[in-house]
Amino acid sequence: SQQGEEDPQALSIQEGENATMNCSYKTSINNLQWYRQNSGRGLVHLILIRSNEREKHSGRLRVTLDTSKKSSSLLITASRAADTASYFCATAYDRGSTLGRLYFGRGTQLTVWP
Amino acid sequence: DGGITQSPKYLFRKEGQNVTLSCEQNLNHDAMYWYRQDPGQGLRLIYYSQIVNDFQKGDIAEGYSVSREKKESFPLTVTSAQKNPTAFYLCASSPGTGSHQPQHFGDGTRLSIL
């Protein structure tokens with residue numbers, strides 16, 4: 001399968017704590033993207049990391065990529081109740097029939113309690 | 001404001017009926033996508049289009065059809081051949097065919113069987 005797999009499936013924390021979600025994949029990628037989905041809404045792009053990058057930051061988000069282990073992690077620091085959502089990783093390959101496609105995992109459901 | 005508009009938000013289908021889900025974007029994006037999301041699962045690609053008058057099947061195209069007559073519009077028809085259509089349907093677009101660019105999503109259509 002070309003889709004990523006997130007871990008854990010569900011994560012419950014208190015406001016102010018950090019949240020870490022992981023994504024593993026099986027074949028070589030061109031880039032990996034993280035998306036957020038609030039309940040009943042569409043996905044919103046958070047951050048993209050290319051295969052030749054190891055770490056990227058955007059506000060309270062930090063993404064790492066380890067291509068040797070075929071894994072990525074998304075860290076949300078100082079979480080807030082408004083961060084409650086599902087988080088998905090999506091992998092991109094850009095080769096042949098996979099050009100332009102993204103393969104989404106099943107997501108991690110994050111709940112942040114006030 | 002630029003974005004993607006999906007309509008209707010909720011749709012009910014009777015047995016043997018075809019229904020069409022609308023997706024319109026004013027982002028001037030070349031590529032458009034249709035995904036299906038079932039509870040506890042990630043997004044599965046139904047169809048995608050990289051340019052007007054052209055589209056490709058995704059992983060679960062059976063029972064669905066699309067057209068791409070205009071750049072801004074990519075309607076999805078759920079035919080009577082789709083025996084289990086109850087799901088959340090998401091439309092997305094991206095500027096070009098390369099997956100380096102993030103996908104922008106609409107807020108979805110929830111389809112149920114009467």
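Conventions used here
Residues numbered from 1 in each chain as written. Chains lettered and ligands numbered in written order. Predicted model: local features only at pLDDT ≥ 70, side-chain atom pairs only at ≥ 80, totals over all residues. Heavy atoms only, no water. Disulfide = S-S within 2.5 Å. Helix = DSSP H or I, 4+ residues; strand = E, 2+ residues; numbered from the N terminus. Buried < 20%, exposed > 50% of the residue type's maximum accessible area, 1.4 Å probe, protein only. Pairing = 2+ DSSP bridges. Axes fitted to C-alpha atoms, helices over the stretch in contact; angles between N-to-C directions. Salt bridge = Lys/Arg side-chain N within 4 Å of Asp/Glu carboxyl O. Contact = heavy atoms within 4.5 Å. Buried area = accessible area lost by both parts, 1.4 Å probe. Polar contact = N/O pair within 3.5 Å; in protein donor to acceptor, adjacent residues only side chain to side chain. Patch = residues over 30% accessible without salt bridge, like charges linked within 9 Å, V, L, I, M, F, W, Y side chains within 5 Å. Areas by Shrake-Rupley, 256 points an atom, 1.4 Å probe, with all protein chains shown as cover.

**A word on the state of the cysteines**
Piece 1. In the structure shown here, the tally under the stated rule is 2 disulfides over all chains.
Piece 2. In this model Cys-23 of chain A forms its disulfide with Cys-89 of chain A; the gap between the sulfur atoms is 2.0 Å. The disulfide joining Cys-23 of chain A to Cys-89 of chain A has a torsion of about 65° about its S-S bond and is therefore right-handed. Note that Cys-23 of chain A is positioned in strand β3 (residues 19–24) and Cys-89 of chain A in strand β9 (residues 85–92), a separation of 66 residues in sequence. The exposure classification of Cys-23 of chain A matches that of Cys-89 of chain A, with both residues buried.
Piece 3. Note on cysteine connectivity: Cys-23 of chain B is disulfide-linked to Cys-91 of chain B, with sulfurs 1.9 Å apart.

**Some thoughts on the sheet that holds strand β7 (residues 61–66) of chain A**
All names here are of chain A.
Piece 1. Sheet architecture is open: 5 strands sit in the order β1-β3-β8-β7-β6, paired in antiparallel fashion. Taken across any chain shown, the strands that pair with only one partner, and hence form the sheet edges, are β1 (5–7) and β6 (55–58). Each strand of the sheet is rotated relative to its neighbour by a mean of 20°, with strand direction disregarded.
Piece 2. Summarising the sheet, β7 and strand β8 (residues 71–76) pair through 6 bridges and their orientation is antiparallel. By the bridge assignment, Leu-61 is partnered in β8 with Ile-76.

**Considerations on the pattern of salt bridges**
Piece 1. On inspection of all chains with the given rule, the structure shows 8 salt bridges over all chains.
Piece 2. The partner of Glu-55 of chain A in a salt bridge is Arg-62 of chain A, and the shortest N-O contact between them spans 3.2 Å.
Piece 3. The exposure class assigned to Glu-55 of chain A is partly exposed, which follows from its relative accessible area of 39%.
Piece 4. Put simply, Asp-59 of chain B and Arg-101 of chain A hold a salt bridge, and the shortest N to O gap is 2.6 Å.

**Points about the interface of chain B and chain A**
Piece 1. Facing the 26 residues of chain B at the interface are 24 residues of chain A.
Piece 2. Taken together, the two surfaces of chain B and chain A that pack against each other cover about 1900 Å², and 46% of this comes from carbon and sulfur.
Piece 3. There are 2 salt bridges connecting chain B and chain A.
Piece 4. The tally of links between chain B and chain A comes to 5 residue pairs in polar contact (both at pLDDT 80 or more).
Piece 5. For the side of chain B that touches chain A, the secondary structure elements donating two or more residues are β4 (31–37), β5 (43–51) and β9 (87–94) of chain B.
Piece 6. The element that contributes the greatest number of residues to the side of chain B that touches chain A is β5 of chain B, accounting for 4 residues.

**Observations concerning a nonpolar patch on the surface**
Residues and elements named next belong to chain B.
Piece 1. Together, Tyr-10, Phe-12 and Leu-114 make up an exposed nonpolar region whose accessible area comes to about 380 Å².
Piece 2. Here Phe-12 shows up in strand β2 (residues 10–13).
Piece 3. Classification of Phe-12 by relative accessible area gives partly exposed; the value is 49%.

**Regarding the sheet that holds strand β8 (residues 76–78) of chain B**
The strands that make up a sheet are held in pairs by hydrogen bonds between backbone atoms, and each pair lies either parallel or antiparallel.
Residues and elements named next belong to chain B.
Piece 1. Strands sit in the order β1-β3-β8-β7 across an open sheet of 4 strands; the sheet is antiparallel. Two strands bound the open sheet, and with one partner strand each, they are β1 (4–7) and β7 (64–66). On average, each strand axis in the sheet is tilted by 20° relative to the strand beside it, whichever way the strands run.
Piece 2. Relative to β8, β7 runs antiparallel, the two sharing 3 bridges.

**Some points on the side chain of Thr-79 of chain B**
Piece 1. Within the element layout of this structure, Thr-79 of chain B appears in the loop between β8 and β9.
Piece 2. Beyond its immediate chain neighbours, meaning those up to four positions away, Thr-79 of chain B contacts Arg-13, Gln-17, Asn-18, Gly-63, Tyr-64 and Ser-65 of chain B.

**Remarks on the pairing of β9 of chain B**
Residues and elements named next belong to chain B.
Piece 1. With 8 of 8 residues buried, β9 lies mostly within the body of the structure.
Piece 2. Of the two faces of β9, the one lined by Ala-87, Tyr-89, Cys-91 and Ser-93 and the one lined by Phe-88, Leu-90, Ala-92 and Ser-94 are each fully buried.
Piece 3. Pairing analysis gives 2 bridges linking β9 to strand β10 (residues 104–105), with the strands arranged antiparallel. Residue Ala-92 lies in a different strand from β10, and its bridge partner there is Phe-105.

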